[in-house]
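# Summary of structural features
Read off the chains here:
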Amino acid sequence: MPQNLSYPEAAALPLVGLTTYQAFHDMLQLQPNQKILIQAGSGGIGTFAIQLAKLMGAYAATTTSGTNRALVTDLGADQVIDYHQENFTDVLHDYDAVYDTLGGDNLLQAFKIVKPGGAVVSLSGLPDGKFARADGLPLWKQALFSLATRAIRKREKQYHVAYRFLFMKPSGEQLALISQLVEAGEIRPVIDEIVPFADFQQAMDHSEAGHARGKIVVKMQ
């Protein structure tokens, strides 16, 4: 636990921190001056991702509503697309990567802005056959995942862009690295609200409505 954080602040870090670190460092091997689109930049994952992308020297674009422009800009976003006003596919081109946290049509559209040889890493899309094979799943599951992701595989071939589904794995070593970044003031947690356990359903409703700015923390006592 970072020494400069409270318990609720520290609780907001592990899931978003490990997920994003593994996406950027392990999967994408993000390099300085590369361009990445981070979907939903004002959410729990997005607020961490913008900070890590900038720390790694990348150019970070993000989508959010106009009311959250100041927040994501303060976190370091280089370009902000208000999804109420414009489509990211109309303004972004030749990107090295997309960090997809939305899935659905946003995921399929993401391939359009990535240059050949780039990659789309998704937390909200479907696992594909590559993921199933790497995870050692039985052949019938590999075939099922391949069938379910036909539309994504079509996009891969059409745009020559790799698709990678991310399922975060626990890592004490990576958590220690993230803790060091937080203690050094390089990354800070962004918390929308801290709610008592009795208001858990209210917190879930707020999260599912897509209005949270950062993480929602549920306090057990």
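In case you missed it, the structure is sitting above this.
Below you will find a few notes about this structure. (Residues numbered from 1 in each chain as written. Predicted model: local features only at pLDDT ≥ 70, side-chain atom pairs only at ≥ 80, totals over all residues. Heavy atoms only, no water.)

Right, let's talk about the overall build of the protein chain for a bit. The helix and strand inventory of the protein chain stands at 11 helices and 8 strands. The C-alpha atoms of the protein chain give 17 Å as radius of gyration, which agrees with the globular expectation for 221 residues (17 Å, within 12%). Over its C-alpha atoms, taken along the principal directions, the protein chain stretches across nearly 50 × 40 × 35 Å. The burial tally for the protein chain puts 46% of its 221 residues in the buried class. (Helix = DSSP H or I, 4+ residues; strand = E, 2+ residues; numbered from the N terminus. Rg over C-alpha atoms; globule rule 2.2 N^0.38 Å. Buried < 20%, exposed > 50% of the residue type's maximum accessible area, 1.4 Å probe, protein only.)

Applying the stated criterion across every chain yields a total of 5 salt bridges. Between lysine 130 and aspartate 128 there is a salt bridge, and its shortest N-O distance comes to 3.7 Å. Given the relative accessible area of 37%, lysine 130 is considered partly exposed. Where salt bridges share partners, they join Asp128, Lys130 and Glu156 into one cluster. (Salt bridge = Lys/Arg side-chain N within 4 Å of Asp/Glu carboxyl O.)

The gaps left among the atoms become clear once a water-sized probe is rolled over them. For the structure shown, the criterion picks out 1 cavity of 30 Å³ or more. As a volume, the largest cavity reaches approximately 50 Å³. Taken together, Ala12, Leu13, Val16, Gly44, Thr47, Phe48, Gln51, Arg188, Pro189, Val190 and Lys215 make up the lining of the largest cavity. In terms of residue count, the dominant contributor to the lining of the largest cavity is helix α3 (residues 44-55) (4 residues). Class assignment of the residues belonging to the lining of the largest cavity gives a composition of 6 nonpolar, 3 polar and 2 charged. (1 Å grid on protein atoms, 1.4 Å probe; cavity = no way out; pocket = protein on both sides within 12 Å on 5 of 7 lines; lining within 4 Å. Points joined across faces, edges and corners; volume = space filled by probe spheres on them. Nonpolar A, V, L, I, M, F, W, Y, C, P; charged D, E, K, R; others polar.)

Moving on: the side chain of glutamine 39. Position of glutamine 39 among the secondary structure elements: in the loop between β1 (35-38) and α3. By relative accessible area, which is 1% here, glutamine 39 ends up buried. There is a polar contact of 2.8 Å between the side chain of glutamine 39 and the side chain of threonine 63. The residues contacting glutamine 39, other than those within four sequence positions of it, are Thr63, Phe88, Val98, Tyr99, Asp100, Thr101, Leu102 and Asn106. (Polar contact = N/O pair within 3.5 Å; in protein donor to acceptor, adjacent residues only side chain to side chain. Contact = heavy atoms within 4.5 Å.)

Function cannot be inferred from these measures alone, as they are strictly geometric.
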